[in-house]
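Below are the chains, spelled out letter by letter.
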Amino acid sequence: LLGAMAGAIVILADVGRRVLWYGPPRRRTSDKGNPLGAVILIAAILLIVLAPLLAQLLQLAVSRRREYLADACGAQFTRYPEGLASALEKIGRQGGVLKDVPRTVAPSFISDPLARAALDGDGAAAWGSTHPPLVERIRILRAMAGMPGFARYDEAFRAVTRRPVGVMPASALAAAAEAERAPAPDPRTRVDRVRGATDAMWQLKDFAFVPCACGTTLKLPPAWRGREVACPHCGTTHTAGA
């Protein structure tokens, strides 16, 4: 959706430039001027002036929110918010302005490559930055007090930024709450669960289960009842069905 909207803005700006270059349409049979052409000319100028501003505002609205969500997901996956905060501090100490980075690529960086990261003071970022203040992201992560989770990040975000509305989508908070209410997962491994299912099938077919001292369980069909069978692992002899 963002790519389509940004592409439409670029197309409109290009149309405005072409109108200025080639001129507005003119009527051949009128000597009183062309009011439609004047309107088109004004619209073209507005498109050229406003299109880059609209594209920048759209980029800022999505890019900054994405950085917060990336921090929240990182804290959720690693279960270690302090580690992420320390990593951002290292990036801030080493970060500087990269002059060769185009503005269209800047939002893909972890920290804004076009502005020097501030780790002192309030770290307020310029309005044109594609990333939120690095010091603010660090404070949010540390305000989680080592307790990962989307709901915890949303609380820390509102506490640090003093905003009444959090940054996490309602669907993510609802899914996290549902996961907390879900029953604990089965501690058995996948192999244990498969083995239990196959054992139930053998029992339905009247197989004999003969345990051995070495830990092996012999599973013998009904035709082997009463016969002696050697354990394939330790060689101990057992009588099926005894």
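Each remark here, short or long, concerns the structure printed above.
This write-up is about the structure you can find in this document. (Residues numbered from 1 in each chain as written. Predicted model: local features only at pLDDT ≥ 70, side-chain atom pairs only at ≥ 80, totals over all residues. Heavy atoms only, no water.)

Digging into the packing of helix H4 (residues 134-143) against helix H5 (residues 150-161)
Right, on to step 1. Contact geometry for H4 and H5: axes closest at 8 Å, N-to-C directions at 130°. As summarised for this structure, H4 and H5 are arranged oblique, according to the angle between their axes. At the point where H4 passes H5, the crossing takes the right-handed sense. Along its contact with H4, which presents Glu136, Arg139, Ile140, Leu141 and Ala143, the element H5 presents Arg152, Tyr153, Ala156, Phe157, Val160 and Thr161.
Right, on to step 2. Class assignment of the residues belonging to the contact of H4 with H5 gives a composition of seven nonpolar, one polar and three charged. (Axes fitted to C-alpha atoms, helices over the stretch in contact; angles between N-to-C directions. Helix = DSSP H or I, 4+ residues; strand = E, 2+ residues; numbered from the N terminus. Parallel < 35°, antiparallel > 145°, perpendicular 65-115°, else oblique. Left-handed = near helix turned anticlockwise from the far one by under 90°. Contact = heavy atoms within 4.5 Å. Nonpolar A, V, L, I, M, F, W, Y, C, P; charged D, E, K, R; others polar.)

Quick notes on the pairing of strand S1 (residues 208-211)
A regular strand places its side chains on the two faces of the sheet in alternate fashion.
Right, on to step 1. Where burial is concerned, the two faces of S1 differ: the one with Ala208 and Val210 is buried and the one with Phe209 and Pro211 is not.
Right, on to step 2. Of the pairings in the sheet, the one linking S1 to strand S2 (residues 217-220) comprises four bridges and is antiparallel in character. Considered in S2, the bridge of Ala208 is made with Leu220.
Right, on to step 3. From the end of S1 to the start of S2, which pair antiparallel, there are five residues, and Gly215 there has a positive phi angle of about 105°. (Buried < 20%, exposed > 50% of the residue type's maximum accessible area, 1.4 Å probe, protein only. Pairing = 2+ DSSP bridges.)

Describing the packing of aromatic side chains
Right, on to step 1. Within this structure, the stated rule accounts for two aromatic pairs.
Right, on to step 2. The ring of Trp224 has Arg227 lying over it, and the distance from NZ or CZ to the ring centre is 4.1 Å. (Phe/Tyr/Trp six-rings, centres within 6.5 Å; stacked < 30°, edge-to-face > 60°. Lys NZ or Arg CZ within 6 Å of the ring centre and 35° of its normal.)

Considerations on the nonpolar core
Right, on to step 1. Core analysis: the largest hydrophobic core is formed by 18 residues, its most contacted members being Leu141, Tyr153 and Met168.
Right, on to step 2. Secondary structure elements with two or more residues in this core: helix H2 (35-78), helix H3 (81-94), H4, H5 and helix H6 (170-181).
Right, on to step 3. Excluding residues within four positions of it along the chain, Met168 makes contact with Arg65, Leu69, Ala72, Phe150, Tyr153, Asp154 and Leu173.
Right, on to step 4. Counting five residues, the second largest nonpolar core, distinct from the first, contains Val210, Leu218, Leu220 and Ala240. (Core = buried A, V, L, I, M, F, W, Y, C linked by side-chain atoms within 4.5 Å.)

Remarks on the pattern of salt bridges
One side chain can pair with another of opposite charge once the charged atoms of both are near each other.
Right, on to step 1. On inspection of all chains with the given rule, the structure shows 10 salt bridges.
Right, on to step 2. Among the salt bridges present, the one from Glu67 reaches Arg137, with a minimum N-O distance of 3.5 Å. With a gap of 70 residues between them, Glu67 in helix H2 and Arg137 in helix H4 connect regions that are remote in the sequence. Across the pair, exposure class does not vary: Glu67 and Arg137 are buried alike.
Right, on to step 3. Asp71 is the salt-bridge partner of Arg137, the closest N and O atoms lying 2.8 Å from each other. Residue Arg137 is located in helix H4, and its partner Asp71 is located in helix H2; the two are separated by 66 residues in the primary sequence.
Right, on to step 4. For Asp71, a relative accessible area of 8% translates into the label buried.
Right, on to step 5. One salt-bridge network, held together by shared partners, links Arg66, Glu67, Asp71 and Arg137. (Salt bridge = Lys/Arg side-chain N within 4 Å of Asp/Glu carboxyl O.)

Let's talk about a nonpolar patch on the surface
Right, on to step 1. Side chains of Leu20, Leu41, Ile42, Ile45, Leu46, Val49, Leu50, Leu53, Leu54 and Leu57 sit close together on the surface and give an oily, nonpolar patch of about 850 Å² of accessible area.
Right, on to step 2. Element by element, the count of residues in the nonpolar patch is highest for H2, at nine residues.
Right, on to step 3. Here Leu57 shows up in helix H2.
Right, on to step 4. Residue class for Leu57 comes out partly exposed when judged on its relative accessible area of 40%. (Patch = residues over 30% accessible without salt bridge, like charges linked within 9 Å, V, L, I, M, F, W, Y side chains within 5 Å. Areas by Shrake-Rupley, 256 points an atom, 1.4 Å probe, with all protein chains shown as cover.)

Quick look at H3
Right, on to step 1. End to end, H3 covers 20 Å across 14 residues, agreeing with the expected 20 Å (1.5 Å per residue, within 8%).
Right, on to step 2. Along H3, the residues that are buried comprise Pro81, Ala85, Leu88, Glu89 and Gly92. The buried side chains of H3 occupy one side of the element, clustering within an arc of 105° when seen end-on. Along H3, the residues that are exposed and aim more than 90 degrees away from the buried face are Lys90, Arg93 and Gln94. (Expected span 1.5 Å × (residues − 1). Arc of directions from axis to C-beta.)

As for the environment of Phe109
Right, on to step 1. If you trace the backbone, Phe109 turns up in the loop between H3 and H4.
Right, on to step 2. Between the C-alpha atom of Phe109 and that of Glu67, which follows or precedes it by 42 residues, the distance is 9.7 Å.

Nothing here speaks to function; it is geometry throughout.
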